[in-house]
Amino acid sequence: MTTKKQKIEAVLKDTKSKLDKGISWVESKLDSVAKVLLGIGVVWVLGLLYLLHSAIQEQKITDATVMITRLSRGGGTGVIISNKANQSIVLTNNHVCEAIETGGNVVTNSGNKFLITSYANSQYHDLCLVYVQSDLGTSAKIAKAAPKLYTAASISGHPNLLPTVVTKGHFSGIKQID
């Protein structure tokens, strides 16, 4: 049975072989000025593809991030963790749920508002589940294991109820804050 890593290695090996053949062909057919221009073009296209890939990845991250607002003023950030035809569940912090005790909305990045029907606070952690009676259409993919140290991370949220803010960093370890 071929593992995912072996499949990726096989694709990379095949791609490298094709690139080597292509480079040999280019070197035999073109003069030095054309080679430089072709090299610049290839670098430009690869840069454009990288930017496109990054934008798509960032969009995936922000799609599952919502703003939670109380009916008057204030709120916080939440992450959609489950959605069905008639209910979605958003994970947020307990202190955000304290702000919506008298009612609130979940606001998606497209600006759609959904009335919060209920919520459930944790008695032990700063976590809270918020429920809306609608399918919000997407949810975050929950990791099956903790990330390895220094793995890249992108965090999406709404600090001070700003439009979506994405911050890039890495996982640097667990630190207990007392």
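Given the structure is predicted, the values throughout are model-derived calculations rather than measurements. (Residues numbered from 1 in each chain as written. Predicted model: local features only at pLDDT ≥ 70, side-chain atom pairs only at ≥ 80, totals over all residues. Heavy atoms only, no water.)

1. Describing the state of the cysteines
1) Next: Under the criterion given, the structure shown has one disulfide.
2) Next: The disulfide partner of Cys97 is Cys128, and the gap between their sulfur atoms is 2.0 Å. On the sign convention where negative means left-handed, the S-S torsion of about -95° between Cys97 and Cys128 marks this disulfide as left-handed. Taken together, the positions of Cys97 in helix α3 (residues 94–99) and Cys128 in strand β6 (residues 128–132) put the pair 31 residues apart, joining distant regions of the chain.
3) Next: With relative accessibility at 0%, the residue Cys97 sits in the buried group.
4) Next: Take Cys128: its relative accessible area is 1%, and that puts it in the buried class. (Disulfide = S-S within 2.5 Å. Helix = DSSP H or I, 4+ residues; strand = E, 2+ residues; numbered from the N terminus. Buried < 20%, exposed > 50% of the residue type's maximum accessible area, 1.4 Å probe, protein only.)

2. Some thoughts on the environment of Thr65
1) Next: Tracing the backbone through its elements, the reader meets Thr65 in strand β1 (residues 65–70).
2) Next: With a relative accessible area of 3%, Thr65 lands in the buried category.
3) Next: When the C-alpha positions of Thr65 and Ile81 are compared, they lie 9.6 Å apart, and in sequence the two are 16 residues distant.
4) Next: With sequence-adjacent residues up to four places away left out, Thr65 is seen in contact with Thr77, Gly78, Asn109, Ser156, Gly157 and His158. (Contact = heavy atoms within 4.5 Å.)

3. A word on the side chain of Ser88
1) Next: As for its position among the elements, Ser88 is in strand β3 (residues 88–92).
2) Next: The buried category is assigned to Ser88, whose relative accessible area is 0%.
3) Next: Among the polar contacts made by the side chain of Ser88, one reaches the main-chain carbonyl oxygen of Ser134 at a distance of 2.7 Å.
4) Next: The residues contacting Ser88, other than those within four sequence positions of it, are Ser82, Asn83, Val130, Tyr131, Val132, Ser134, Asp135 and Leu136. (Polar contact = N/O pair within 3.5 Å; in protein donor to acceptor, adjacent residues only side chain to side chain.)

4. A word on unusual backbone geometry
1) Next: You will see that Tyr150, though not glycine, has its phi angle at about 70°, which is positive.
2) Next: For Tyr150, the position within the fold is in the loop between β6 and β7 (152–157).

5. So, the pairing of strand β5 (residues 113–121)
1) Next: Pairing between strand β4 (residues 104–107) and β5: three bridges, direction antiparallel. If you follow Asn105 over to β5, its bridge partner there is Leu115.
2) Next: Counting the residues between successive antiparallel strands, the hairpin from β4 to β5 contains five residues, one of them, Gly111, with a positive phi of roughly 95°.
3) Next: Alignment of β5 against β6, held across five bridges, turns out to be antiparallel. Among the inter-strand pairings, Ala120 is bridged to a residue of β6, identified as Leu129.
4) Next: Linking two consecutive strands that pair antiparallel, namely β5 and β6, is a turn of six residues. (Pairing = 2+ DSSP bridges.)

6. A short note on the environment of Val90
1) Next: When you line up the elements, Val90 lands in strand β3.
2) Next: With 39 residues separating them in the primary sequence, Val90 and Leu129 have C-alpha atoms 5.7 Å apart.
3) Next: Here Val90 is in contact with Val66, Ile68, Gly78, Val79, Ile80, Val106, Cys128, Leu129, Val130 and Leu136, once residues within four sequence places are set aside.

7. Comments concerning the pairing of β4
1) Next: By the alternation rule, side chains of β4 split into Gly104 and Val106 and Asn105 and Val107, which are all buried.
2) Next: Alignment of β1 against β4, held across four bridges, turns out to be antiparallel. Looking across to β4, one finds that Arg70 is bridged to Gly104.

8. As for the pattern of salt bridges
1) Next: Tallying each qualifying case throughout the model produces one salt bridge.
2) Next: Across the pair Lys18 and Asp14 runs a salt bridge whose closest N-O atoms are separated by 3.2 Å. One end of the pair, Lys18, and the other, Asp14, are both in helix α1 (residues 4–29), four residues apart, so they sit about a helical turn from each other.
3) Next: When its relative accessible area of 55% is taken as the criterion, Lys18 is described as exposed. (Salt bridge = Lys/Arg side-chain N within 4 Å of Asp/Glu carboxyl O.)

Honestly, that's just the spatial picture; any functional story needs more than this.
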